[in-house]
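Take a look at the letters that make up each chain.
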Amino acid sequence: QGTRDHAPAHAALRDRLLAAVVACFKRHGAAAIDTPVLELRETLMGKYGEDAKLIYELQDQGGELLALRYDLTVPFARYLAMNKITNMKRYHVAKVYRRDNPATTRGRYREFYQCDFDIAGWFDPMIPDAECLKIVHEILSDLHLGDFLIKVNDRRILNGVFAVCGIPESKFITTCSAVDKLDKMPWEEVRSEMVGEKGLSPEAADHIGEYVQLHGGLDLIERLLQDPKLSQNKLAKEGLGDMKLLFEYLTLFGITGKISFDLSLARGLDYYTGVIFEAVLLQQENDHVEDPVSVGSVAGGGRYDGLVGMFDPKRRKVPCVGVSIGIERIFSILEQRVKASGEKVRTTETQVLVATPQKHLLTARLKLISELWDAGIKAEMLYKKDPKLLKQLQYCENMGIPLAAIVGEQELTDGVVKLRDVATREEVRMPFYIKFQKC
């Protein structure tokens, strides 16, 4: 089906992962918003390049043409335009839908979560862009997924490269989609597609190849700024100038060791207008896995300054930059790692199990657990009138519940509760008065 059911352990792992990502977004001052799963078909069309064929199209009973959202970016741009919002820092965690060929081992599904962070508004160049890259670095570092690299480029630089290589502007987008495959295909195959399918001349394709196979850092940016052809192209010059400024900010953040200026990065979506970036895992730091799962990119994003204006009746623009974390792909890695290591994942956040060692003490359990719930303590009890103590303690071990609050007849007489550490079996008696009636 291209979707997945989550067993309790897997769902708990996914929720923990989502919580870590959201905590990072909140740390950077983002507010949560939500948008509908359904959009008008016309809202989504013309924004995703060749991937538009993956949009799920629907028709309601009144004949209105609808579609399931493909990502969270286009609905966000529509939201800004409809509500006349010109300044916002937001995050959104929700499901998106793609009519794709699923590959479950690579974390690729038809229904999956995206975690987006976006900054909208008129700000000085590259400051919001640098923060988005810092967020990607923070999340991938905090999750300990292994070594990673964040590739950055600029659509203006790519368009400048295409222009100086003699590519007509009408073929920029299709050429860009071909270049975007360089992370999956060797240059020879990409070149063959450019010439055979995209209609480029062999000379133009070879000229493009001289640029798009370059990658580096500030030194490469400086070199391209001196390139006799690119330096004469307005778009390329603007993009390279902003890329230099971006690297200066990333140096201040101390993260340039994980950043690569990579001219092969294209990002096939039509709405990108400036800086684009994509994070990839370089290896799996997992001694238990013989064949590490291959998931491709785990985060991506960029600047889309023209998208909001497409939905505004007066075509008013709101500059935006954002990043999307590939949570399902990351989850596939963590899931395989946990499975291989034999690590046990807690399926609940229960802090204490309320237990009784004798019969006719259900009333005491109910009163105690009610007190704990009212105090904000995560507590459980077995749904049996007279469960055996051994079975209750075994449940704690199976579920990873760290504490058992035991109340027996002697504890009731003494006005205490016996608190047991399930792992060490150490016990302490704590004052706790319960008005008791046998049940």
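Residues numbered from 1 in each chain as written. Predicted model: local features only at pLDDT ≥ 70, side-chain atom pairs only at ≥ 80, totals over all residues. Heavy atoms only, no water.

**Student:** Help me understand the UniProt feature "binding site: L-histidine" (unreviewed entry) in the protein in this model?
**Tutor:** UniProt's feature table lists "binding site: L-histidine" (unreviewed entry) at Asp71, Leu72, Thr73, Arg98, Gln114, Asp118, Arg267, Tyr271 and Tyr272, given in the numbering used throughout. Within polar-contact distance, the side chain of Asp71 engages the side chain of Tyr48 at 2.7 Å. Classification of Asp118 by relative accessible area gives buried; the value is 1%. Leaving out residues up to four positions away in the same chain, Asp118 has contacts with Phe76, Met88, Lys89, Arg90, Tyr304, Val321 and Gly322. (UniProt positions renumbered as here; feature names shortened; annotations may be inferred. Polar contact = N/O pair within 3.5 Å; in protein donor to acceptor, adjacent residues only side chain to side chain. Buried < 20%, exposed > 50% of the residue type's maximum accessible area, 1.4 Å probe, protein only. Contact = heavy atoms within 4.5 Å.)

**Student:** Even after reading the chapter, I still don't get the pairing of strand 9 (residues 259-262), so can you show me in this structure?
**Tutor:** Put simply, side chains in a regular strand alternate between the two faces of the sheet. Because side chains alternate across strand 9, one face comprises the buried residues Ile259 and Phe261, and the other comprises Ser260 and Asp262, equally buried. Pairing between strand 7 (residues 148-154) and strand 9: three bridges, direction parallel. Across the sheet, Val152 pairs through a bridge with Phe261, a residue of strand 9. In this structure, strand 8 (residues 215-216) lies alongside strand 9, joined through two bridges in antiparallel fashion. What sits directly across from Gly216, in strand 9, is Phe261. (Helix = DSSP H or I, 4+ residues; strand = E, 2+ residues; numbered from the N terminus. Pairing = 2+ DSSP bridges.)

**Student:** I keep staring at a positive patch on the surface and nothing clicks. Help me out?
**Tutor:** Residues Lys359, Lys384, Lys388 and Lys391 make up a contiguous surface patch of positive charge. With respect to the helices and strands, the residue Lys359 is situated in the loop between strand 13 (352-355) and helix 12 (362-374). (Patch = residues over 30% accessible without salt bridge, like charges linked within 9 Å, V, L, I, M, F, W, Y side chains within 5 Å. Areas by Shrake-Rupley, 256 points an atom, 1.4 Å probe, with all protein chains shown as cover. Salt bridge = Lys/Arg side-chain N within 4 Å of Asp/Glu carboxyl O. Lys, Arg positive; Asp, Glu negative; His and termini not counted. Charge placed at Lys NZ, Arg CZ, Asp CG, Glu CD.)

**Student:** Any chance you could explain the domain arrangement of the protein here in plain terms?
**Tutor:** Interfaces are frequently sized by the accessible area removed from exposure as the parts join. Entries for the protein in the domain assignment read domain 1 (8-341) and domain 2 (352-431). Between the C-alpha centres of domain 1 and domain 2 the distance comes to 50 Å. (Domains from an automatic or database assignment.)

**Student:** Looking at this structure, I do not really get the nonpolar core. What am I missing?
**Tutor:** Soluble globular proteins tend to pack their nonpolar side chains together in the buried interior. Among the nonpolar cores identified, the biggest contains 78 residues, and Phe261 and Ile325 are the most heavily contacted of them. Here the element with the most residues in this core is helix 1 (residues 8-27); it accounts for eight residues. With 26 residues, the next largest nonpolar core counts Ile33, Ala67, Tyr271 and Tyr272 among its residues. (Core = buried A, V, L, I, M, F, W, Y, C linked by side-chain atoms within 4.5 Å.)

**Student:** How should helix 9 (residues 218-225) be read in this particular structure?
**Tutor:** Spacing of three or four residues puts side chains on the same side of an α-helix, whose turn is 3.6 residues. Listed as buried for helix 9 are Leu220, Ile221 and Leu224. In an axial view of helix 9, the angular spread of the buried residues amounts to 100°, which keeps them on one side of the axis. Exposed residues on helix 9 whose side chains face more than 90 degrees from its buried face are Asp219 and Arg223. Buried-residue contacts for helix 9 involve helix 8 (202-212), strand 8, helix 10 (234-253) and strand 9. (Arc of directions from axis to C-beta.)

**Student:** Sorry, what's going on with the environment of Leu54 here?
**Tutor:** Note that Leu54 resides in the loop between helix 2 (41-44) and strand 3 (57-59). Between the alpha carbons of Leu54 and Tyr97 there is a distance of 8.5 Å; along the sequence they are 43 residues apart.

**Student:** Explain the layout of surface pockets here, please?
**Tutor:** Rolled over the atoms, a probe with the dimensions of a water molecule shows which regions are left empty. Its boundaries defined by the atoms lining it, the second largest pocket holds a volume of some 340 Å³. Around the second largest pocket sit 18 residues that line it, and Arg156, Thr273, Arg303, Asp305 and Pro319 are the ones nearest its centre. For the lining of the second largest pocket, the per-class residue count stands at seven nonpolar, four polar and seven charged. (1 Å grid on protein atoms, 1.4 Å probe; cavity = no way out; pocket = protein on both sides within 12 Å on 5 of 7 lines; lining within 4 Å. Points joined across faces, edges and corners; volume = space filled by probe spheres on them. Nonpolar A, V, L, I, M, F, W, Y, C, P; charged D, E, K, R; others polar.)

**Student:** Help me understand the packing of aromatic side chains in this model?
**Tutor:** Given two aromatic rings, their pairing is described by the distance between the two centres and the angle made by the two planes. For the coordinates displayed, the defined rule picks out seven aromatic pairs. Aromatic pair Tyr48 and Tyr271: ring centres 6.1 Å apart, planes at 75°, arrangement edge-to-face. Placement of Tyr48 in the loop between helix 2 and strand 3 and of Tyr271 in the loop between strand 9 and strand 10 (275-281) is noted, with a sequence separation of 223 residues between them. Taken as a pair, Tyr48 and Tyr271 share a single burial class, namely buried. Note on Tyr271 and Tyr272: the rings are 5.0 Å apart at their centroids and 65° apart in plane angle, and the pair reads as edge-to-face. Classification of Tyr272 by relative accessible area gives buried; the value is 8%. Through a chain of ring-to-ring contacts, the aromatic side chains of Tyr48, Tyr70, Tyr271, Tyr272 and Tyr304 assemble into a single cluster. (Phe/Tyr/Trp six-rings, centres within 6.5 Å; stacked < 30°, edge-to-face > 60°.)

**Student:** Looking at this structure, how should I read the sheet that holds strand 16 (residues 416-421)?
**Tutor:** Ordered by their spatial adjacency, five strands build an open sheet running 14-13-15-16-17, and the pairing between neighbours is mixed. Sheet topology places strand 14 (379-380) and strand 17 (427-431) at the edges, where each strand pairs with a single neighbour. Note: strand 15 (residues 403-406) against strand 16, four bridges, orientation antiparallel. Residue Ile406 lies in a different strand from strand 16, and its bridge partner there is Lys418. The sheet contacts of helix 12 involve strand 13, strand 14, strand 15 and strand 16, and relative to strand 13 the element is tilted by about 160°. Sheet contacts for helix 13 (residues 389-399): strand 13, strand 14, strand 15 and strand 16; angle to strand 13, the most-contacted strand, approximately 175°. (Axes fitted to C-alpha atoms, helices over the stretch in contact; angles between N-to-C directions.)

**Student:** What is the right way to read the packing of helix 5 (residues 155-164) against helix 8 from this model?
**Tutor:** For any two helices packed against each other, one specifies the crossing angle of their axes together with the interaxial distance. Closest axis-to-axis distance for the helix 5/helix 8 pair is 9 Å, and the angle between their directions is 145°. Handedness of the crossing formed by helix 5 with helix 8: right-handed. Contacts between helix 5 and helix 8 involve Leu158, Val161, Phe162 and Val164 from the former and His207, Ile208, Tyr211 and Val212 from the latter. (Left-handed = near helix turned anticlockwise from the far one by under 90°.)

**Student:** I tried to follow unusual backbone geometry on my own but got confused; where do I start?
**Tutor:** With the exception of glycine, most residues fall at negative phi, and the peptide bonds are largely trans. For Lys84, which is not glycine, the phi torsion reads 55° and is therefore positive. With phi around 65°, Arg425 is a residue other than glycine that occupies positive phi space. Relative to the assigned elements, Arg425 resides in the loop between strand 16 and strand 17. Residue class for Arg425 comes out exposed when judged on its relative accessible area of 57%.

**Student:** Is there a simple way to think about the packing of helix 5 against helix 6 (residues 172-179) in this case?
**Tutor:** It is at 11 Å that the axes of helix 5 and helix 6 come closest, and there the two elements cross at 110°. By the angle between their directions, the pair helix 5 and helix 6 is classed as roughly perpendicular. Facing helix 5, whose interface residues are Arg155, Leu158, Asn159, Phe162 and Ala163, helix 6 presents Phe172, Thr175, Cys176 and Val179. Residues that form the contact of helix 5 with helix 6 fall into these classes: six nonpolar, two polar and one charged. (Parallel < 35°, antiparallel > 145°, perpendicular 65-115°, else oblique.)

**Student:** Which parts of the structure should I look at to understand a nonpolar patch on the surface?
**Tutor:** The grouping of Val37, Leu38 and Leu58 at the surface amounts to a nonpolar patch, some 210 Å² of accessible area in total. Of note, Val37 is situated in the loop between strand 1 (31-32) and strand 2 (38-40). Judged by its relative accessible area of 32%, Val37 falls in the partly exposed class.

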